[in-house]
Amino acid sequence: MTDFDTVVVGAGSSGCALVGRLAALSDESICLVEAGPDYGPLVDGRWPAELLDARRFPATHDWGWFETRDGELRRESRAKVVGGCSAHNQCAALWPEPAELDAWGVEGWDARSVADSRRRVDEAVAPRPHPELASWQRAFVEAAVAAGYGDSVGPFVANVRDGIRWNSAFAFLDPVRDGVTVLGDTVADRLLLDGDRAVELVCSTGPVAARRFVLCAGTFASPGILARSGIRPAGLGANLHDHCGMAVSFAPMPRAADALAADLECGTFHQSQVVLRTRHLHVAPFHSRTDDGWSFGILAFDLAPRSRGRLEPNVDPLASPTIDFGFLSDPADAPVLEDALGVVRAIARRTPLVDLVAGEVGTTLTGYAHAVGTCRLNEVVNPSCRVRGTSNVFVADASIIPTIPRANPNLLCFLIGDRAAELIAAT
Ligand SMILES: Cc1cc2nc3c(=O)[nH]c(=O)nc-3n(C[C@H](O)[C@H](O)[C@H](O)COP(=O)(O)OP(=O)(O)OC[C@H]3O[C@@H](n4cnc5c(N)ncnc54)[C@H](O)[C@@H]3O)c2cc1C
């Protein structure tokens, strides 16, 4: 059996940032346990092309889990690889407004207290605007300007470097890899406890012992590791939420499809690179290649959803937990989505979009893949991220976010890893 000072479970957005900061703060021994593969440092050249290429939207390296809604199962994407969701996401890199962090009311997590973490993340990631837009995106921007949204629409700032999706492993883990034991292809099941202390992590490849354990397995998986360990503090799995939205699909005219085929040919077939941001909405075009040709759409998301759902962990760490976002369970959310639909249709009626689509073909209620909240700060974990009722078990990932800010959460997850490392090292 190997002994470490700290075992970190989950090498995702938060986990790699946490390990990077913890390694910089001390010479403790650190073991990073990840269910998916570890392709090593970027310079070794072993990373699969679809994870590196920021223009692609990879379907590989996914847990294959499902959201349950109205008795139906819908795919809910989560990455299973070192780098976590930052290794297959859309690279939109936005910060919350400082006032949104202040509004959490959690000691040590207000904008001022996390300012150094934010600065370190900005330095490691260096987000910049997407340089080139696909034809559908250019048309969306022009139509949005024509509809009066000229001040609010433009390219997303993105964590992309030289076309590479700059995931958390490249930004935070590679600089400290020499001092860290990374166990890839290793699924964490549960912790063994001695009173309020965890002593060992039971994994698919054998037990790992440590002085402290930090769970960074994400909103859907960290609660399961706690529950299977017999640790069930009040609020575990509750407060699950995501930015909820509408996907409006359009039938493309042949020349619009031809333009996207040309984008694909000359390497400008980008996805999710522009957004219209209002205070309470994100509105963005999407396009994809389907078996039948091309699919066009516009997504519109409520940035301040009031509805809350629940996650029920699974006894099997590989199987999907029951994920119920409770979309529209709060009556305040439906009028926001009605408003969102109005904005989408106003844009679609303007040139050049109006000339590119043959008509609207349907609307679907959808999430934004921004699940948070199942191990809420100040409830399931204390402000230092320690799980209530335990003395050496911590959670530091998207699950601790009490209320999702009006921004895509990946940068915030990097910040959570960095900030939690400082708080945990100080305990
Ligand atoms: C398809 C998609 C697109 C997105 N696009 C954007 C975007 O453009 N911009 C943005 O800001 N946000 C985006 N997000 C959201 C953002 O990527 C996530 O909020 C963020 O990555 C969550 O970080 P995390 O550290 O909490 O979890 P993750 O990054 O998911 O990391 C969790 C890690 O733990 C591992 N793990 C889980 N269970 C176990 C176990 N039992 N044993 C061992 N390891 C385990 C996982 O394999 C994973 O590597 C997107 C998300 C998805 C899914």
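Here we look at the pattern of salt bridges
Applying the stated criterion across every chain yields a total of 20 salt bridges. A salt bridge links Glu28 to Arg212; its shortest N-O distance comes to 3.0 Å. Linking Glu28 in the loop between helix H1 (13-25) and strand E2 (30-33) with Arg212 in strand E13 (residues 206-215), this pair joins segments that are 184 residues apart in sequence. Assessed through its relative accessible area of 6%, Arg212 is described here as buried.

Some thoughts on the sheet that holds strand E15 (residues 244-252)
Taken in spatial order, the six strands of this open sheet run E6-E16-E17-E18-E15-E21, and their pairing is antiparallel. Each having just a single partner strand, strand E6 (153-155) and strand E21 (357-367) make up the two edges of the open sheet. Across the sheet, the axes of successive neighbouring strands diverge by a mean angle of 25 degrees, strand direction being ignored. As paired strands, E15 and strand E18 (residues 293-302) are joined by seven bridges and run antiparallel to one another. Note that in E18 the partner of Ala247 across the bridge is Leu299. In this fold helix H8 (residues 254-266) packs onto E15, strand E17 (281-290) and E18, with an angle of close to 90 degrees to the strand it touches most, E18.

Quick word on the site of the ligand
The ligand sits among 37 residues. The nearest are Ser13, Glu34, Ala92, Ala188 and Asn410. In this structure, Val81 approaches the ligand through a main-chain N or O atom, which is 3.2 Å from an oxygen atom. In the model, an oxygen atom of the ligand is placed 3.1 Å from a nitrogen or oxygen of the Cys91 main chain. If you list the elements that add at least two residues to the shell around the ligand, you get H1 and helix H11 (410-425). Across the shell around the ligand, the residue classes break down as 18 nonpolar, 15 polar and four charged.

Let's talk about the domain arrangement of the protein
By convention, interface size is frequently given as the accessible area that disappears when the constituent parts associate. Once the domains are mapped, the protein shows domain 1 (3-127 + 162-237 + 371-425) and domain 2 (131-159 + 241-367). Measuring from the centre of the C-alpha atoms in domain 1 to the corresponding centre in domain 2 gives 27 Å. Listed per partner, the contact involves 43 residues of domain 1 and 39 residues of domain 2. Counting each side, the surface lost to burial between domain 1 and domain 2 is near 3400 Å², with a carbon and sulfur contribution of 55%.

Focus: the packing of aromatic side chains
Taken as a whole and assessed by the stated rule, the structure comprises nine aromatic pairs. Judged by centre distance (5.1 Å) and plane angle (65 degrees), the rings of Phe172 and Phe414 are edge-to-face. Of this pair, Phe172 sits in helix H6 (residues 168-173) while Phe414 sits in helix H11, and the two are 242 residues apart along the sequence. Since its relative accessible area comes to 9%, Phe172 is described here as buried. Between Phe301 and Tyr368, the aromatic rings sit 3.7 Å apart at their centres with planes inclined by 5 degrees, giving stacked as the arrangement. Of this pair, Phe301 sits in strand E18 while Tyr368 sits in the loop between E21 and strand E22 (393-395), placing them 67 residues apart in sequence. Residues Phe301 and Tyr368 agree in their burial class; the two are buried. Connected via pairs of aromatic rings, a cluster forms that spans Tyr39, Trp47, Trp166 and Phe170. Over the ring of Trp63 we find Lys80, and its NZ or CZ is 4.4 Å from the ring centre.

Topic: H1
Here H1 is 13 residues long and its end C-alpha atoms lie 19 Å apart, about the 18 Å a rise of 1.5 Å per residue gives. Among the residues making up H1, those that are buried are Ser13, Ser14, Gly15, Cys16, Ala17, Leu18, Val19, Gly20, Arg21 and Leu22.

Quick notes on the state of the cysteines
Inspection of every chain in the model, using the stated rule, returns zero disulfides. Counting only cysteine sulfurs, Cys31 is the nearest neighbor of Cys203, a cysteine outside any disulfide, at a range of 7.6 Å. Of the cysteine sulfurs around Cys244, a residue in no disulfide, the closest is that of Cys85, at 19 Å. Overall, Cys244 belongs to the buried group, its relative accessible area being 3%.

Overview of the packing of H1 against H11
In a pair of packed helices, the angle between the axes and the distance between the axes together describe the arrangement. Direction vectors running N to C along H1 and H11 enclose 35 degrees, while the axes themselves pass 7 Å from each other. The two elements H1 and H11 meet at a crossing, and its hand is right-handed. Of H11, the residues touching H1 (which contributes Ser13, Ser14, Ala17, Leu18, Arg21, Leu22 and Leu25) are Asn410, Cys413, Phe414, Gly417, Asp418, Ala420, Ala421, Glu422, Ile424 and Ala425. Here the contact of H1 with H11 is built from residues that sort into ten nonpolar, four polar and three charged.

Calculation rules
- Residue positions are counted from 1 within each chain, in the order its sequence is given.
- A pLDDT threshold of at least 70 governs which residues receive local features in this predicted model, and a stricter bar of 80 or more applies before side-chain atom pairs are shown or counted, although totals over entire chains, interfaces and linings include all residues.
- Where side-chain values are given, they derive from all heavy atoms of the structure, hydrogens and water being excluded.
- A side-chain nitrogen of Lys or Arg and a carboxyl oxygen of Asp or Glu constitute a salt bridge if their distance falls within 4 Å.
- Under the DSSP-based scheme used, a helix requires at least four consecutive residues in state H or I and a strand at least two consecutive residues in state E, with every element numbered from the N terminus.
- The buried label goes to any residue with under 20% of its type's maximum accessible area, the exposed label to any with over 50%, and the partly exposed label to all in between, with areas taken from a 1.4 Å probe on protein chains only.
- A pair of strands is labelled paired if DSSP reports no fewer than 2 bridges between them.
- Every axis corresponds to a line fitted to the C-alpha atoms, with the helix fit spanning only the stretch in contact, and the corresponding angles, defined between N-to-C directions, vary from 0 to 180 degrees.
- The criterion used for residue contact is that any of the two residues' heavy atoms lie within 4.5 Å.
- The cutoff for a nearby residue is simple: one of its non-hydrogen atoms must lie within 4 Å of the molecule or strand.
- Any pair of N or O atoms that falls within 3.5 Å is considered a polar contact. Within protein, one atom must be able to donate a hydrogen and the other to accept it, and sequence-neighbouring residues count only if both atoms are side-chain atoms.
- Residues were grouped as follows: Ala, Val, Leu, Ile, Met, Phe, Trp, Tyr, Cys and Pro as nonpolar; Asp, Glu, Lys and Arg as charged; and all remaining residues, including Gly, as polar.
- Marked domain ranges trace back to an automatic or database domain assignment.
- Once two parts are put together, the accessible area they lose, assessed with a 1.4 Å probe and summed over both, is termed the buried area.
- Note on aromatic contacts: the rings of Phe and Tyr and the six-membered ring of Trp form a pair at centre separations within 6.5 Å, being stacked when their planes are under 30 degrees apart, edge-to-face when over 60 apart, and tilted otherwise.
- Put simply, a charge is over a ring when the Lys NZ or the Arg CZ is close to the ring centre, within 6 Å, and near the line of the ring normal, within 35 degrees.
- Here the expected span of a helix is defined as 1.5 Å times the quantity of residues minus one.
- The disulfide criterion used throughout: a pair of cysteine sulfur atoms within 2.5 Å.
- Less than a right angle of anticlockwise turn of the near helix away from the far helix marks a crossing as left-handed, whereas a clockwise turn marks it as right-handed.

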